[in-house]
Amino acid sequence: MTTTSSRGRRRAPSRIGRAAGKAAALQKPRVILALLLLLALTSVMLLDGYLRAEVGGDQRVRTGASSSDVPDDILDGGPILTFRGGQATTVSVPDKTIALTFDDGPNPTWTPQVLKILEEYDVPGTFFVVGSMVSRYPGIVKDMVEQGNEVGIHTFTHVDLSYQSEARVTREMTQTQLALAGAAGITTTLFRAPYSSETDAIDNYSWPVYQELGEDGYTSVFVDTDSDDWKRPGVSKIIKWATPEDGEGASVLFHDAGGERSQTIAALPKYIEKMKAAGYTFTTISGAMAEQTAAGNTGGNGVPGAGAGAGVGGAAASPLQAAHREATGVTLYEGKALIAAVTLAEWTVPALSVGLMVVGVAVMGRFGMMLVLARRHHRKRNRRRFSWGPTVTRPVSVIVPAYNEKECIANTLASLAKSTHPIEILVVDDGSTDGTSQIAREAAERLGMTNVRVLRQENAGKPAALNHGVRSARHDIVVMMDGDTVFEPDAVHQLVQPFADPKVGAVAGNAKVGNRDTVIGAWQHIEYVMGFNLDRRMYDLLRCMPTIPGAIGAFRRDAVLEVGGMSEDTLAEDTDITIAMHRAGWQVVYQEHAKAWTEAPGSLKQLWSQRYRWSYGTMQALWKHRKSLTDKGPSGRFGRVGMPLVVLFQIVTPVFAPLIDVFTLYSMIFIDFRAALLAWLAVLCVQLVCAAYAFRLDREKYRYLLMMPLQQLAYRQMMYLVLIHSCVTALTGGRLRWQKLKRTGEVGTPAGVS
């Protein structure tokens, strides 16, 4: 029998329609926000990698190059190289004077100990700091300057500048100046090149770098005496090697970072005591230059640190810190911004690393749970003696909500016509504008189906259509399916057998992708078999099934009415009703032998739209039923077991799962490509094992698993973005409505699906 209650006049946009329009207008900004969050995460990781010289690091060190282009008076001159008036000049440290210099810091372990020793002995030092370390430990540099020590630049990432482009050299200097500005409010005109030593080591490649920096106002500092403390030769040798000969003055090199420096810490007090006993005084590089200037031995160099450095401002108050310039204006604020960004990265990346470990454990734990519990479920349900109870043979009602399903509705009815179980069919046309109801009536007549009723209503959404069908159903069991779905002949019979158990209130069927011969279809096919059906076996055994698929599910009619029907509160009405059934005390089970074929989205845009609705709707449903966490008795089992698992495995883990891919890509590019690739392949192998087992349980063809590596590279990333987009929408209070996907009708009878 066929009935209809259609209205032909054109209707004004409904309240739901207007709300949908407003919601759609808000989605683009939220997509952009989700992408910006991912971009911010990537930027933080790149910044952290840059600070640790994992990004842009260059370990090359030049040795043995010719110095034929370097003037002899420079090669044979003192350790301080200036370019006053464009003329290269060297300055020596006065006799009986030590300019203590320290390279490679600051280090949170060793530098504070060095500073404490210098303070105890009232000795100043000159610290040539690495900009990346300054930005990570700004407090140490601030203490260093306030204590009266002098600082110079040792580049930002400790690279050999003779290998670098002019732009890279400028960037290394500028970034270090910004780090100093943000840390201590100063810039400096002192510079020491990484891997440099005495002036006679200047070669034809490094000389142009010193000339260029000299034109910018920098004073380059070398060493007279190297303690070689980095070799860790022992305290006595460090002291011996750091001692100048015959009372000469010297620029002496120690290290306060770059390795284990306990020998340096032990040697430094003894060295200071020894040199003071020998009549030596200690000063900074600027102090040494000032003494030579006062003595008239500058060689025409003039004022120490002459020339404007990268930071312009007032001169320092102390002659021992004459190289310092007060950071002002843009330089100061950019420096503070750099320190803030680095601080964020310093906190974020370790937190992300911990999150990665948690996600990794959760993902592997989920795979393990699925394999173990799915196997137990399969063995339990496929035992020869297993039975739900007496065979259910009474008629049931099949509800088909349809909105503009002209391409699919005929195939759907054709599959139901072959049903081996007695059924009545209710096609609920939810205000279709493409003649869906007429096509349904004609198909029913053509197939000789007298058990079909076509009900029409104004467009109110899928939940309203399902409720209309439930109210109109004549039988106590209702089967719900989508208008684009095709049932196997025994699907209904298999689906309703669990109702032989009076404790069962709802049954989830086995939904399969019919249009699986495209790349997108194959990806979804893998996801359905592994991600959905394997999950359902696990949840069924734990008695906390979270979702009955809209494509194939069955309910006791009275139970549906008891919980208030299909709710319009969420976009995931199937998840909502499933949780409501749990809370009402009903058991929800999975029937793997009840198979239906559905038409999956055929384009990335449609796929995004569908999964966005699913993930956002799931969040809505979980939030709606959050009080299940405190429910007692059988009704609270979902809250105690199911909800934590769903939140962990379907929201938290997928949201943070991109960390695995981001860290893997980061490691491949910047750290160890081979190790990162092997780790990724190992995870892929675990997933392939799980997928292969799921395919075996469902008796699917393994050839589709060939698409799995590509799925991991492209499809999974899209699902991550969809979930992040959904989280952003939830956090910003967005609202969506049920969305209609474009159908092609290519999913025919099950026999036609391979």
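None of the values given here were measured: they were computed from a predicted structure. (Residues numbered from 1 in each chain as written. Predicted model: local features only at pLDDT ≥ 70, side-chain atom pairs only at ≥ 80, totals over all residues. Heavy atoms only, no water.)

It is not clear to me how the overall build of the chain should be interpreted in this structure. Could you clarify?
When helices and strands are tallied, the chain shows 23 helices and 20 strands. When the 754 residues of the chain are sorted by exposure, 56% land in the buried category. Considering only contacts within the chain whose residues lie at least 6 apart along the sequence, 83% involve residues at least 24 apart. Working note: accessible area of the chain is about 31,800 Å², and carbon and sulfur atoms make up 56% of it. (Helix = DSSP H or I, 4+ residues; strand = E, 2+ residues; numbered from the N terminus. Buried < 20%, exposed > 50% of the residue type's maximum accessible area, 1.4 Å probe, protein only. Contact = heavy atoms within 4.5 Å. Areas by Shrake-Rupley, 256 points an atom, 1.4 Å probe, with all protein chains shown as cover.)

Honestly, the sheet that holds strand β20 (residues 587–598) in this entry has me stumped. Any pointers?
For sheets, the rule is that strands pair by backbone hydrogen bonds, running either parallel or antiparallel. What the 8 strands build is an open sheet, ordered β15-β14-β13-β16-β19-β18-β20-β17; its pairing is mixed. The sheet is open, and its two edges are formed by β15 (452–457) and β17 (485–487), each paired on a single side. Looking at each pair of strands side by side, their axes are set apart by 30° on average, direction ignored. Here 3 bridges tie β17 to β20, and the two strands are oriented antiparallel to one another. Bridging from a neighbouring strand, threonine 485 pairs with threonine 598 of β20. Sheet strands in contact with helix α18 (residues 573–583) are β18 (504–513), β19 (553–556) and β20, and its direction is about 155° off that of β20. (Pairing = 2+ DSSP bridges. Axes fitted to C-alpha atoms, helices over the stretch in contact; angles between N-to-C directions.)

I tried to follow the packing of aromatic side chains on my own but got confused; where do I start?
By convention here, two paired aromatic rings are described through the distance between centres and the angle between planes. Evaluated as defined, the whole model comprises 7 aromatic pairs. Note on phenylalanine 83 and tryptophan 207: the rings are 5.9 Å apart at their centroids and 40° apart in plane angle, and the pair reads as tilted. Of the two residues, phenylalanine 83 sits in the loop between β1 (80–82) and β2 (89–91) while tryptophan 207 sits in helix α7 (residues 207–215), which places them 124 residues apart along the sequence. Assigned by exposure class, phenylalanine 83 and tryptophan 207 land together as buried. Consider the rings of phenylalanine 102 and phenylalanine 127, whose centres lie 4.8 Å apart with planes at 20°: the pair is stacked. A residue pair is termed long-range when its members are at least 10 positions apart, and phenylalanine 102 in strand β3 (residues 97–103) and phenylalanine 127 in strand β4 (residues 126–129) qualify at 25 residues. Both residues of the pair, phenylalanine 102 and phenylalanine 127, count as buried. Among the aromatic residues, those joined into a cluster by ring pairs are Phe102, Phe127, Phe254 and Tyr271. Across from the ring centre of tyrosine 205, 3.8 Å away, lies the NZ or CZ of arginine 62, which sits over that ring. (Phe/Tyr/Trp six-rings, centres within 6.5 Å; stacked < 30°, edge-to-face > 60°. Lys NZ or Arg CZ within 6 Å of the ring centre and 35° of its normal.)

How should I be thinking about empty space enclosed by the protein in this particular structure?
To find leftover empty space, one rolls a probe the size of a water molecule over the atoms. Evaluation of the coordinates by the stated rule reveals 1 cavity of 30 Å³ or more. Taken together, 13 residues line the largest cavity, and the ones lying closest to its centre are Met480, Pro549, Gly550, Met566 and Asp574. The set of elements that each furnish at least two residues to the lining of the largest cavity consists of α14 (462–472), β19 and α18. Among the residues forming the lining of the largest cavity, the class breakdown is 8 nonpolar, 2 polar and 3 charged. (1 Å grid on protein atoms, 1.4 Å probe; cavity = no way out; pocket = protein on both sides within 12 Å on 5 of 7 lines; lining within 4 Å. Points joined across faces, edges and corners; volume = space filled by probe spheres on them. Nonpolar A, V, L, I, M, F, W, Y, C, P; charged D, E, K, R; others polar.)

What is the right way to read the packing of helix α6 (residues 166–184) against α7 from this model?
Two quantities define a packed helix pair, namely the angle between the axes and the distance from one axis to the other. Interhelical geometry of α6 versus α7 gives an angle of 55° and a closest axis separation of 12 Å. The pairing of α6 with α7 is recorded here as oblique in orientation. In this structure, α6 crosses over α7, and the sense of that crossing is right-handed. Across the interface between the two elements, Glu166, Val169, Thr170 and Met173 of α6 pack against Val209, Glu212 and Leu213 of α7. (Parallel < 35°, antiparallel > 145°, perpendicular 65-115°, else oblique. Left-handed = near helix turned anticlockwise from the far one by under 90°.)

Before we go on, may I ask you to explain the environment of tyrosine 205 in this structure?
Relative to the helices and strands, tyrosine 205 resides in the loop between β7 (190–191) and α7. By relative accessible area, tyrosine 205 is classed as partly exposed at 47%. As for tyrosine 205 and arginine 62, which are separated by 143 residues in sequence, their C-alpha atoms are 8.7 Å apart. Setting aside residues up to four positions removed in sequence, tyrosine 205 forms contacts with Arg62, Ala65 and Ser162.

Any chance you could explain the side chain of histidine 154 here in plain terms?
Within the fold, histidine 154 resides in the loop between β5 (150–153) and α6. Looking at histidine 154, its side chain comes within polar contact range of the side chain of aspartate 104, at 3.1 Å. Polar side-chain contacts of histidine 154 include one of 3.4 Å to the side chain of histidine 158. Once residues lying within four places of it in the same chain are set aside, the contact partners of histidine 154 are Asp103, Asp104, Phe128, Val129, Val130, Arg192, Ala193 and Pro194. (Polar contact = N/O pair within 3.5 Å; in protein donor to acceptor, adjacent residues only side chain to side chain.)

I tried to follow helix α22 (residues 673–698) on my own but got confused; where do I start?
An α-helical turn contains 3.6 residues, so any two residues separated by three or four positions project in the same direction. The first and last C-alpha atoms of α22 sit 37 Å apart over 26 residues, in line with the 38 Å expected at 1.5 Å per residue. Looking only at α22, the buried set comprises Ala676, Trp680, Leu684, Gln687, Cys690, Ala691, Tyr693, Ala694, Phe695, Leu697 and Asp698. Positive backbone phi, at 55°, marks arginine 699, one or two positions downstream of α22. (Expected span 1.5 Å × (residues − 1).)

Looking at this structure, how should I read helix α8 (residues 235–242)?
Taken together, the buried positions of α8 are occupied by Ile238, Ile239 and Ala242. End-on, the buried residues of α8 take up no more than an arc of 95°, which puts them together on one face. Summarising the geometry of α8, the exposed residues directed more than 90 degrees from the buried face are Ser236 and Lys240. (Arc of directions from axis to C-beta.)

I'm lost on the environment of alanine 692 in this one. Help?
Topologically, alanine 692 is positioned in helix α22. In this structure alanine 692 comes out as partly exposed when scored by relative accessible area, which is 23%. Alanine 692 sits 10 residues away from tyrosine 702 along the chain, and the two C-alpha atoms are 6.9 Å apart. Setting aside residues up to four positions removed in sequence, alanine 692 forms contacts with Tyr702 and Leu705.

Is there a simple way to think about the confidence of the model for the chain in this case?
In low-pLDDT segments, the atomic positions of the prediction should not be examined closely. In the predicted model, the chain carries a mean pLDDT of 83, and 86% of its residues have values of at least 70. A low-confidence stretch, residues 298–316 stays under pLDDT 50, and its non-local contacts, those more than four residues away or across chains, total 45 contacts. Note on residues 749–754: pLDDT is under 50 here. Beyond four places in sequence and across chains, it has 13 contacts. (pLDDT = per-residue confidence, 0-100.)

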